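# Examining the three-dimensional arrangement
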Amino acid sequence: MHKKRLRRYGGEVTQEQHEQASTTYLVIQQGPQAGKRIEIWKDRTTIGRSRDCDIFLEDISVHRKQASIVLGVAGYALYDDHGSGDSFVNGRPVKQQLLVDGDQLLFGNTALTFYSQTSATRPIQFASSRGRELHTHKAPDPITSNIAKLELVGPQGVTRSFELQAEMTIGRSRDCDIFLEDLAVSRLHATIHQLPNGAYELEDHHSATGTFVNGWTVTRCQLHEGDIVQIGSSSLTVRLAGNNAPS
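Here we summarise the structure given alongside this text. All figures in this text were calculated on a predicted structure; none of them were measured in a lab.

## Topic: the side chain of Glu-203
- Relative to the helices and strands, Glu-203 is located in strand E20 (residues 200-204).
- Within the structure, the side chain of Glu-203 is placed 3.0 Å from the side chain of His-193, a separation counted as a polar contact.
- At 3.3 Å, the side chain of Glu-203 and the side chain of Arg-220 are in polar contact.
- Apart from residues lying up to four places away in sequence, Glu-203 is in contact with His-189, Ala-190, Thr-191, His-193, Thr-219 and Arg-220.

Below, the structure is given as structure tokens:
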């Protein structure tokens, strides 16, 4: 059976590599936007001070068009688009550099860490208090199995898993705890709150396309084990720990 291949920057990219791209992201460690997590979901992601860039850095020392992160056959690579030699990876100026999990990037006064689960062998550590994203496609362990979470389901099955927090936002804004890149999703589409009894409640924020639970439109709904939440084109399955499952 032949693997489907896509023509991309830097060579041919397999369909599997393209799907794994959704587990790649940056976390800003230093600078005006410190703590912000930015998903890398495109084959070419532009970085700079221009609002036309995919990643807009509010840093006057960054060029309007500073750099790009490009998905190629060997993985993600950083390209210095401005050409002035002031894009750094692990403290060294680069013009083109293949990125690996944990690499430290520096543009102007903004420091970022590159994370990619395609090469990661350790649990992801987060720099902010947002909902933590868990490893997927692995056998459950006793600790992970006792965590209430949402499983984002794609064509190949579970693709990502998010640990439920006391309050989590879902939407198209990158400031949301669960960021969904989908024009059918409102910027702040819905919120999940933990109730005093430990159960979780989903609330729709007057979204344009609605929030659905098990096929029914809801404005406010208590979540149960196995519920299917549909927001835009994304389906999320509710997995509740034993002590959080409503009776």
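## Some details on the side chain of Ser-87
- Structurally, the position occupied by Ser-87 is in strand E9 (residues 87-89).
- Residue classification places Ser-87 among the buried positions, given a relative accessible area of 0%.
- A distance of 3.0 Å separates the side chain of Ser-87 from the side chain of Asp-80, its partner in a polar contact.

## Side note on the nonpolar core
- Within the largest apolar cluster, 23 residues are counted, with the highest numbers of intra-cluster contacts made by Leu-150, Leu-164, Ile-192, Leu-202, Leu-223 and Val-229.
- For this core, the elements supplying multiple residues, two or more each, are strand E15 (149-154), strand E17 (167-171), strand E19 (190-194), E20, strand E24 (228-231) and strand E25 (234-239).
- Beyond its immediate stretch of four places on either side in the chain, Ile-192 contacts Leu-150, Leu-164, Ala-166, Glu-167, Met-168, Ile-170, Tyr-200, Glu-201, Leu-202 and Leu-223.
- Counting 20 residues, the second-largest nonpolar core is a separate cluster that includes Leu-26, Ile-28, Tyr-76 and Leu-99.

## Focus: empty space enclosed by the protein
- Considering all chains together, one arrives at two cavities of 30 Å³ or more under this definition.
- Taken together, ten residues line the largest cavity, and the ones lying closest to its centre are Arg-37, Glu-39, Cys-176, Asp-177 and Phe-179.
- Those elements that provide at least two residues to the lining of the largest cavity are strand E4 (37-39), strand E16 (157-163) and strand E18 (178-179).
- Taken together, the residues that form the lining of the largest cavity break down as four nonpolar, no polar and six charged.

## A few points about unusual backbone geometry
- Backbone geometry at Asn-90 places phi at a positive 55°, although glycine is not the residue there.
- With respect to the element layout, Asn-90 can be found in the loop between E9 and strand E10 (92-93).
- The phi dihedral of Asn-214 falls on the positive side, at around 55°, and the residue is not glycine.
- Structurally, Asn-214 is set in the loop between strand E21 (211-213) and strand E22 (216-218).

## A short note on the sheet that holds strand E13 (residues 110-116)
- Read from one edge of the open sheet, six strands run E4-E3-E13-E12-E9-E10, paired in antiparallel fashion. In this open sheet, the two strands that pair with only one neighbour each are E4 and E10.
- For E9 and strand E12 (residues 104-107), the ladder comprises three bridges, and the chain directions are antiparallel. Following the sheet pairing, Ser-87 is matched in E12 by Phe-107.

## Some points on the pattern of salt bridges
- A complete count under the given rule lists eight salt bridges for this structure.
- Asp-81 is the salt-bridge partner of Arg-44, the closest N and O atoms lying 3.7 Å from each other. Pair noted here: Arg-44 is in strand E5 (residues 44-48) and Asp-81 is in the loop between strand E8 (75-80) and E9, with a separation of 37 residues, a long-range link.
- Under the relative-accessibility criterion, Arg-44 is labelled partly exposed at 29%.
- Assessed through its relative accessible area of 36%, Asp-81 is described here as partly exposed.
- Salt bridges here are not isolated pairs; linked through shared partners, they connect Arg-37, Glu-39 and Arg-160.

## So, the packing of aromatic side chains
- Overall, the coordinates contain two aromatic pairs when judged by the stated rule.
- Where Tyr-25 meets Tyr-115, the ring centres are 5.2 Å apart and the plane angle is 25°; that geometry is what we call stacked. Taken together, the positions of Tyr-25 in strand E3 (residues 24-30) and Tyr-115 in strand E13 put the pair 90 residues apart, joining distant regions of the chain.
- Residue Tyr-25 is classed as buried on the basis of its relative accessible area, which comes to 1%.
- Exposure remark for Tyr-115: the relative accessible area of 14% places this residue in the buried category.
- Arranged with centres 6.2 Å apart and planes meeting at 65°, the rings of Tyr-76 and Phe-114 form a pair that is edge-to-face. Note that Tyr-76 is positioned in strand E8 and Phe-114 in strand E13, a separation of 38 residues in sequence.
- With relative accessibility at 6%, the residue Tyr-76 sits in the buried group.

The rules behind each value
- Going along each chain's sequence as written, the residues are numbered from 1 onward.
- The predicted nature of this model means local features are confined to residues of pLDDT at least 70 and side-chain atom pairs, given and counted, to a pLDDT of 80 or more, with totals for whole chains, interfaces and linings taken over all residues.
- Only hydrogens and water are set aside when side-chain values are computed; all heavy atoms of the structure are taken into account.
- Segments assigned H or I by DSSP are reported as helices when at least four residues long, segments assigned E as strands when at least two residues long, and all are numbered from the N terminus.
- For the purposes of these results, a polar contact is taken to be a pair of N or O atoms within 3.5 Å, where, inside protein, one atom must be able to donate a hydrogen and its partner to accept one; residues adjacent in sequence count only when each atom of the pair is a side-chain atom.
- Should any heavy atoms of two residues lie within 4.5 Å, those residues are considered in contact.
- Partly exposed describes any residue whose relative accessible area lies between the buried limit of under 20% and the exposed limit of over 50%, with all areas from a 1.4 Å probe on protein chains only and scaled to the type maximum.
- Residues belong to a common nonpolar core when they are buried Ala, Val, Leu, Ile, Met, Phe, Trp, Tyr or Cys residues joined through side-chain atoms within 4.5 Å.
- Points on a 1 Å grid over protein atoms alone make up a cavity when a 1.4 Å probe fits among them but cannot get out, and a pocket when they form an open set with protein on both sides within 12 Å along at least five of seven lines; lining residues each have an atom within 4 Å of a point.
- Grid points are joined across faces, edges and corners, and a volume is the space filled by probe spheres set on the points.
- In this classification, Asp, Glu, Lys and Arg are treated as charged, Ala, Val, Leu, Ile, Met, Phe, Trp, Tyr, Cys and Pro as nonpolar, and every other residue, Gly included, as polar.
- Should DSSP find at least two bridges between two strands, the strands are taken to pair.
- Within this document, salt bridges are pairs made up of a side-chain nitrogen of Lys or Arg and a carboxyl oxygen of Asp or Glu, the two lying within 4 Å of each other.
- What counts as a ring pair is set by centres within 6.5 Å for rings of Phe, Tyr and Trp (its six-membered ring), and what kind of pair is set by the plane angle: stacked under 30 degrees, edge-to-face over 60, tilted for all other angles.

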